[in-house]
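Examination of the molecular architecture
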Protein chains: 2
Amino acid sequence: MNFTIQNVLIPIEDDYATVDVQIKDGKIAAISSNLDVIGAVIDGKNKLLLPGFVNAHTHSSEMWQRGIMSIYPLELWLAELYDFAPLDTEQVYLSALGTAVETLLSGGTSVVDHLVLIPGKELETITVAVEAYRKVGIRAIIAPLIQDQSLTAGIPSGESDVIHEDYFRSTQATLEIMESAINQFHQPEDGIYIALAPTGIQLCSDALFKGCIELSDKYNLCRHSHLLETKAQEKLAKEKYGCTAVEHLHEIGYLNYRTSLAHCVHLTDSDINILAQTQSTVVHNPLSNLRLGSGIAPILKYRQVGVNVSFGCDGASSNDSQDLLEAIKIGSILHNVTDLDYQHWITPRESIEMASLGGAKGLNLGEEIGSLTVGKKADLVMYDLTSLSLLPRTDPVGLLVLGRPTNVVDSVWVNGKLIVGNGNVKNIDVDSLRQELFKHSQWQTKRKSKTVKEIETHYRGVMEL
Amino acid sequence: MNFTIQNVLIPIEDDYATVDVQIKDGKIAAISSNLDVIGAVIDGKNKLLLPGFVNAHTHSSEMWQRGIMSIYPLELWLAELYDFAPLDTEQVYLSALGTAVETLLSGGTSVVDHLVLIPGKELETITVAVEAYRKVGIRAIIAPLIQDQSLTAGIPSGESDVIHEDYFRSTQATLEIMESAINQFHQPEDGIYIALAPTGIQLCSDALFKGCIELSDKYNLCRHSHLLETKAQEKLAKEKYGCTAVEHLHEIGYLNYRTSLAHCVHLTDSDINILAQTQSTVVHNPLSNLRLGSGIAPILKYRQVGVNVSFGCDGASSNDSQDLLEAIKIGSILHNVTDLDYQHWITPRESIEMASLGGAKGLNLGEEIGSLTVGKKADLVMYDLTSLSLLPRTDPVGLLVLGRPTNVVDSVWVNGKLIVGNGNVKNIDVDSLRQELFKHSQWQTKRKSKTVKEIETHYRGVMEL
């Protein structure tokens with residue numbers, strides 16, 4: 001599986017260079033002009049080669065509800081989502097395929113799937129997701145979404161004495177499922193990783209967090225959670241802990257260099273310093289934060305104090321797509337309205353570094369992937385610079401990040417294996433996937449969520465709406 | 001040119017219906033189920049039919065600098081843009097074609113081109129733009145960008161006594177060019193309109209505004225300007241007029257139902273009421289406002305007091321694309337972070353109405369286009385609901401607005417003429433266009449703008465950076 005890409009454009013310090021790139025045994029063996037050919041020859045003329053991006057936070061099965069969710073803030077949106085999410089494993093398989101395909105065709109080579117588990121079929125859910133990602137060939141971090149408190153516990157109580165139903169599965173049983181999943185599926189050499197992923201402080205006990213810490217330390221795995229996505233969660237943390245969520249998570253030892261945290265919208269300056277100090281990673285999901293009205297995460301501040309930041313699409317029903325280039329664009333330019341001084345704004349080159357190396361670091365893979373570096377694994381994406389959306393020729397990285405590139409991904413390699421060639425996904429038939437997605441769905445008008453009706457008055461009260 | 005679309009999905013009050021649509025002599029003749037066939041039969045199965053959207057503010061020739069402009073606020077960005085914009089008429093022609101194609105393939109049937117004129121070749125510039133839009137067949141409102149003050153006059157003076165160079169052409173000469181353009185090119189029956197388009201208070205004298213008012217009244221034409229895009233312009237208006245820009249424009253009689261105003265980011269509540277009262281239209285350009293750090297326009301407020309709002313892509317070097325669906329998505333969800341109460345947020349159905357009927361009203365064409373209404377001109381777009389990006393099937397309008405649709409436009413008609421069929425632009429060869437754009441350009445790294453260097457210190461001082 002050795003090959004040589006010839007005459008391809010790559011970004012170098014403040015400029016571009018036309019180079020050859022040798023790939024040997026799945027790794028980048030050399031980058032230079034006029035290299036000897038090893039293996040097959042790939043023509044890189046009029047193409048741009050970049051390290052693959054990481055879709056650092058998503059929930060694949062939300063694909064089934066994209067486009068139809070009401071225009072609600074997270075807490076109500078989640079109630080509606082769960083009312084209409086009776087998934088089966090076939091759907092989980094298809095939406096994992098769809099998530100992988102859309103990620104690949106927008107520059108991603110890795111995906112973090114904060115995977116919603118079908119109750120009672122937890123390991124089966126993980127099994128089919130793993131199967132789908134293996135089939136497509138994308139690098140996949142499966143982070144099974146776990147909790148041990150029921151939905152209403154995620155909304156602040158305010159003045160009221162709400163009693164929440166017990167969660168249907170015990171904390172211990174959940175942790176046992178996770179350990180089985182690790183033993184069955186964590187195979188980094190095959191590009192499949194398991195992460196410990198308690199959903200967040202809003203629905204998890206300290207016992208669950210601590211169990212996850214133990215397992216992640218025992219097996220050297222990553223941790224992944226939502227963190228302070230909404231104002232409601234900020235209030236809730238105060239009610240639960242009497243301190244901020246970040247202070248609490250730090251106290252129980254959850255934050256470290258293997259921890260990535262989706263959203264991080266409502267943090268104090270002191271919280272931000274804790275993230276920097278613990279080397280935690282922030283996963284920025286700009287589209288979801290806008291769609292759900294969660295707020296604008298203080299990404300410029302994170303970068304100023306040295307917190308690692310990467311990009312995620314978030315689940316497709318709060319976005320409502322899996323186009324990573326869109327998340328990168330909006331997640332870069334959005335912050336220009338939060339700070340008048342343009343010298344603090346994110347440049348396109350910084351954006352692609354956040355999306356590639358930033359993503360890799362958040363998965364504790366910063367030494368293995370995320371840059372065009374000799375010795376690193378060949379997770380690479382080659383873009384066609386003759387696409388209408390990347391013309392006229394100006395600054396290729398600028399066009400890619402700030403434009404609206406469509407049909408621009410020519411080739412994708414993961415671990416040196418070609419999984420997209422000439423714009424086509426190699427290992428699955430995308431037309432059949434489209435037919436399956438069509439067959440398993442129906443056009444619908446807006447639905448009415450029973451749970452939203454039950455909780456909306458309380459929500460509006462406690463949020464002072 | 002009569003035809004009948006059969007079995008196509010259209011949105012109706014809170015639901016969808018499958019209908020037939022008869023088009024006769026360029027107009028919608030009937031919409032109902034089981035209509036008789038007139039003319040050719042078009043299969044609408046698994047497709048969604050919507051009124052065409054309006055790309056209500058752009059500058060086509062900026063396409064030549066998309067992707068490469070520095071990460072600057074408007075005032076510095078503009079200085080850089082003009083340093084590197086030595087256009088010729090061939091470039092103007094090609095970028096007008098490109099703008100038309102990208103607009104059509106993202107759901108637009110009309111484009112407002114706030115056209116930058118080549119100095120000394122003003123009418124030639126308009127001639128080639130008209131030629132390009134006629135060629136493609138899109139409905140085009142050519143709004144030649146005029147001013148009578150030079151660039152530095154657009155930055156507030158602050159404490160300093162800056163002397164600005166005279167503008168190279170007199171106000172009177174500019175107005176004469178405009179009247180020639182009207183007489184030569186304004187042909188609504190052919191889908192080509194001229195609008196009076198003084199760039200904005202930052203670079204126009206009252207004499208220029210008043211000349212434009214007279215011409216627009218004499219010929220019953222639209223008026224189009226930038227308005228309060230940046231904080232700097234807000235300051236400048238205070239310096240120039242001692243009141244807000246809106247108060248001043250209202251006083252001189254510029255604002256009426258034929259006036260559309262791009263950006264409108266920095267308005268007071270009282271300004272907003274003036275826009276409502278004068279029936280002026282706001283053109284929201286969310287991507288450009290983010291890219292340039294201009295701010296978030298108070299779109300929810302505009303809608304609450306009854307100001308008509310439409311969407312624009314703005315020029316491709318502050319966006320950096322002409323994908324109207326992207327502008328609609330971001331221009332809809334962006335405002336959810338400005339108002340905690342989700343009951344005020346824009347729904348997908350409202351978004352498409354803003355993009356179609358809102359756009360039409362802003363051009364004084366609300367009675368002629370902008371909705372699926374019997375008797376209106378057939379400016380229609382048919383979307384393929386079997387595209388991967390619109391699957392699984394949920395709510396088609398939700399998917400279109402909130403998703404990231406790519407390759408979804410199947411057919412476009414303007415005035416009942418098919419100009420995109422089966423996803424292909426009919427009247428020009430897009431492959432040749434790509435080749436021409438490629439040939440006329442070079443990949444570049446960042447450039448250094450001489451003018452930015454000259455004005456940056458003053459800009460930072462006056463903006464207190």
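Above: the structure in question.
A few points on the structure. (Residues numbered from 1 in each chain as written. Chains lettered and ligands numbered in written order. Predicted model: local features only at pLDDT ≥ 70, side-chain atom pairs only at ≥ 80, totals over all residues. Heavy atoms only, no water.)

**What about the overall build of chain A?**
Across its full length, chain A holds 15 helices and 19 strands. What you see for chain A is a C-alpha radius of gyration of 22 Å, in line with the 23 Å of a compact globule of 465 residues. C-alpha extents for chain A along the principal axes are approximately 70 × 50 × 45 Å. Counting every position in chain A, which comprises 465 residues, the buried fraction comes to 65%. In chain A, the proportion of contacts linking residues at least 24 apart, taken out of those at least 6 apart, comes to 75%. Accessible surface, chain A: about 15900 Å² in total, of which carbon and sulfur atoms supply 47%. In chain A, 38 positive and 57 negative side-chain charges are present, and the distance between their average locations comes to 4 Å. (Helix = DSSP H or I, 4+ residues; strand = E, 2+ residues; numbered from the N terminus. Rg over C-alpha atoms; globule rule 2.2 N^0.38 Å. Buried < 20%, exposed > 50% of the residue type's maximum accessible area, 1.4 Å probe, protein only. Contact = heavy atoms within 4.5 Å. Areas by Shrake-Rupley, 256 points an atom, 1.4 Å probe, with all protein chains shown as cover. Lys, Arg positive; Asp, Glu negative; His and termini not counted. Charge placed at Lys NZ, Arg CZ, Asp CG, Glu CD.)

**Quick notes on the interface of chain B and chain A**
On the side of chain A, 79 residues touch chain B, which itself brings 79 residues to the contact. A combined buried area of about 7000 Å² lies between chain B and chain A, and 64% of that area is made up of carbon and sulfur atoms. A per-residue breakdown of the area chain B buries against chain A is headed by Tyr342(B), Arg393(B) and Trp443(B), which together make up 13% of the total. Inspection of the chain B/chain A interface yields 6 salt bridges. Glu326(A) is the salt-bridge partner of Arg404(B), the closest N and O atoms lying 3.6 Å from each other. The interface formed by chain B and chain A includes 31 residue pairs in polar contact (both at pLDDT 80 or more). Elements with a minimum of two residues in the side of chain B that touches chain A: strand E2 (15-24), helix H2 (89-104), helix H9 (286-291), helix H11 (324-333), helix H13 (396-402), helix H14 (430-439) and helix H15 (450-462) of chain B. Here the element with the most residues in the side of chain B that touches chain A is H14(B); it accounts for 5 residues. (Buried area = accessible area lost by both parts, 1.4 Å probe. Salt bridge = Lys/Arg side-chain N within 4 Å of Asp/Glu carboxyl O. Polar contact = N/O pair within 3.5 Å; in protein donor to acceptor, adjacent residues only side chain to side chain.)

**Some points on the relation of the copies chain B and chain A**
Of the two same-sequence chains, chain B is brought onto chain A (RMSD 0.0 Å, axial shift 0.0 Å) by a rotation of 180 degrees. Viewed as a symmetry operation, the transformation between the two copies matches a two-fold axis. The C-alpha atom lying nearest the rotation axis in chain B is that of Thr406(B); the distance is 3.4 Å. Looking at the interface residues of chain B, 100% of them are also at the interface in chain A, so both copies use one shared face. (Least-squares fit on C-alpha atoms with pLDDT ≥ 70 in both.)

**Some remarks on the pairing of strand E1 (residues 3-12) of chain B**
Consecutive side chains of a regular strand alternate in pointing toward one face of the sheet and then the other. Residues and elements named next belong to chain B. As judged from the 8 bridges shared by E1 and E2, these two strands associate in the antiparallel manner. Bridge pairing in E2 places Ile 12 opposite Asp 15. Hairpin connection of E1 to E2: 2 residues between the antiparallel strands, including Asp 14 at a positive phi of 55 degrees. Pairing geometry for E1 and strand E4 (residues 40-43), over 4 bridges, is parallel. Opposite Thr 4, over in E4, you have Val 41 as the bridge partner. (Pairing = 2+ DSSP bridges.)

**A few points about the side chain of Ser225(B)**
Residue and element names in this part refer to chain B. Locating Ser 225 in the fold gives a position in strand E12 (residues 223-227). What makes Ser 225 buried here is its relative accessible area of 1%. Reaching out from Ser 225, the side chain makes a polar contact with the side chain of Tyr 254 at a distance of 2.7 Å. Residue contacts for Ser 225: discarding those within four places in its chain leaves His 114, Pro 198, Thr 199, Phe 209, Tyr 254, Ser 260, Leu 261 and Ala 262.

**A few points about the sheet that holds strand E13 (residues 259-263) of chain B**
Residues and elements named next belong to chain B. On the basis of which strands lie adjacent, the open sheet formed by 4 strands has the order E12-E13-E14-E15 and parallel pairing. Since the sheet does not close on itself, it has two edges, and those belong to E12 and strand E15 (308-311), each with one partner. Averaged over neighbouring strand pairs, the angle between their axes works out to 30 degrees when direction is ignored. Sheet topology places E12 next to E13; 5 bridges connect them, and they run parallel. Paired with His 224 across the strands is Ser 260, a residue of E13. (Axes fitted to C-alpha atoms, helices over the stretch in contact; angles between N-to-C directions.)

**Description of the sheet that holds strand E8 (residues 139-142) of chain A**
Residue and element names in this part refer to chain A. Ordered by their spatial adjacency, 4 strands build an open sheet running E6-E7-E8-E10, and the pairing between neighbours is parallel. For this open sheet the edge positions go to strand E6 (53-58) and strand E10 (192-194), each flanked by a neighbour on one side alone. Strand-to-strand, the axes of this sheet are offset by a mean angle of 15 degrees, without reference to chain direction. Across the sheet, helix H2 (residues 89-104) touches E6 and strand E7 (108-113), and the angle it forms with E7 is around 140 degrees. Sitting on the sheet, helix H3 (residues 122-136) touches E7, E8 and E10, and the angle it makes with E8 is about 165 degrees.

**What about unusual backbone geometry?**
The linkage connecting Asn319(A) with the following residue, Asp320(A), adopts the cis geometry, with an omega of 5 degrees. On the secondary structure map, Asp320(A) appears in the loop between strand E15 (308-311) and helix H11 (324-333). Of note in the backbone geometry, His263(A) takes a positive phi value of approximately 90 degrees without being a glycine. The phi torsion at Asp25(B) lies on the positive side, around 50 degrees, for a residue other than glycine. Mapped onto the secondary structure, Asp25(B) falls in the loop between E2 and strand E3 (27-32). The exposed category is assigned to Asp25(B), whose relative accessible area is 66%.

**Some remarks on the packing of helix H3 (residues 122-136) of chain B against helix H4 (residues 171-185) of chain B**
All names here are of chain B. Contact geometry of H3 with H4 gives a least axis separation of 10 Å together with a crossing angle of 30 degrees. Judged on the interaxial angle alone, H4 and H3 are roughly parallel. Crossing of H3 over H4 shows right-handed handedness. Mapping the contact onto sequence places Glu 122, Leu 123, Ile 126, Thr 127 and Val 130 in H3 and Ile 177, Ser 180, Ala 181, Gln 184 and Phe 185 in H4. Tallied by class, residues from the contact of H3 with H4 come to 6 nonpolar, 3 polar and 1 charged. (Parallel < 35°, antiparallel > 145°, perpendicular 65-115°, else oblique. Left-handed = near helix turned anticlockwise from the far one by under 90°. Nonpolar A, V, L, I, M, F, W, Y, C, P; charged D, E, K, R; others polar.)

**Regarding the pattern of salt bridges**
Residues and elements named next belong to chain B. The tally for this structure, following the rule as stated, stands at 40 salt bridges over all chains. Arg 134 serves as the salt-bridge partner of Asp 190, at 3.2 Å between the closest nitrogen and oxygen. Placement of the pair is Asp 190 in the loop between H4 and strand E10 (192-194) and Arg 134 in helix H3, with a sequence separation of 56 residues. The salt bridge partner of Lys 301 is Asp 269, with a shortest N-O separation of 3.0 Å. Placement of Lys 301 in helix H10 (residues 299-304) and of Asp 269 in helix H8 (residues 269-278) is noted, with a sequence separation of 32 residues between them.

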